[in-house]
Amino acid sequence: MRPSKLTYYADFVVYPVVIVGLAACGVTRAPWADRSEWLGAAALGFVIWTLLEYILHRSVLHRKTYFAPMHAEHHAAPLAYIGTPPWVSVSVLTGIFLLPVWLWVGFEVANGLTVGVMTGYWWYGVVHHIVHHHTSTPSPTYFNRLRAWHMRHHYSPKGGNFGVTTSLWDHVFGTAISVRDKAAASS
Ligand SMILES: [Zn+2]
Ligand SMILES: [Zn+2]
């Protein structure tokens, strides 16, 4: 999917609105005693997103799948405005997380989980945009570290560094490209 610049940037506006709306709905409906459950579900959702981000990038976008050509376009032109329109991703995440968990466990947990997953997805978009598009402006160390990490994914001959917002899962699954690997490959 190659959206216009407008749909690319819409992600950054639509998600905060959806997340705040959903969170307000979940928190006001949950009795006080259940709010820690809601928070726990949201934290779990965020962690689930980081794992999903890793799995999708490694096993869908870098394999011979329907979505791989779109990702190959990003690798060929990292500054092009390539992504999934927010109405598609919001519908998919709602269909996968909110509705089934609502039916299975209940609204508060489903709501918290979905808020966590969507926050993770939005944060992934923000981080990925900043590491590619704000290379000349001084960024906090956090983004500089993730930029160097993600550039090794783009430019190292060794496949790896599939996580964008965190290196955790690459370390867990043995796909981290160390600075030494990159230096050895380019010498
Ligand atoms: Zn990639
Ligand atoms: Zn990238």
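Shown above is the structure to which this text applies.
Rules used in this analysis
Residues numbered from 1 in each chain as written. Chains lettered and ligands numbered in written order. Predicted model: local features only at pLDDT ≥ 70, side-chain atom pairs only at ≥ 80, totals over all residues. Heavy atoms only, no water. Helix = DSSP H or I, 4+ residues; strand = E, 2+ residues; numbered from the N terminus. Buried < 20%, exposed > 50% of the residue type's maximum accessible area, 1.4 Å probe, protein only. Polar contact = N/O pair within 3.5 Å; in protein donor to acceptor, adjacent residues only side chain to side chain. Donors = N, O, S within 2.8 Å, 3.2 Å for Na, K, Ca; no water.

### Concerning the side chain of His57
Line of reasoning, step 1. Positionally, His57 belongs in helix H2 (residues 35-61).
Line of reasoning, step 2. With relative accessibility at 6%, the residue His57 sits in the buried group.
Line of reasoning, step 3. A polar contact of 2.7 Å, which involves the side chain of His57, links it to the backbone oxygen of Phe162.

### Examining the coordination of the zinc ion (ligand 1)
Line of reasoning, step 1. Distances from the zinc ion (ligand 1) to its protein donors, His57 (NE2), His62 (NE2), His71 (NE2), His75 (NE2) and His153 (NE2), fall at 2.0 to 2.2 Å.
Line of reasoning, step 2. Counting gaps between the donor residues of the zinc ion (ligand 1) yields the pattern H-x4-H-x8-H-x3-H-x77-H. Within this pair, His71 and its partner His75 are both found in helix H3 (residues 68-76), separated by four residues, close to a single helical turn.
Line of reasoning, step 3. On the basis of relative accessible area, His71 is assigned to the buried category, the value being 10%.

### Remarks on the coordination of the zinc ion (ligand 2)
Line of reasoning, step 1. Those protein atoms acting as donors to the zinc ion (ligand 2) are His74 (NE2), His128 (NE2), His132 (NE2), His150 (NE2) and His154 (NE2), and they sit at 2.1 to 2.2 Å.
Line of reasoning, step 2. Ordering the donors of the zinc ion (ligand 2) by residue number gives the pattern H-x53-H-x3-H-x17-H-x3-H. Residue His150 and its partner His154 are both found in helix H6 (residues 141-155); the two are separated by four residues, about one turn of the helix. Per residue, the accessibility class of His150 equals that of His154, and both read buried.

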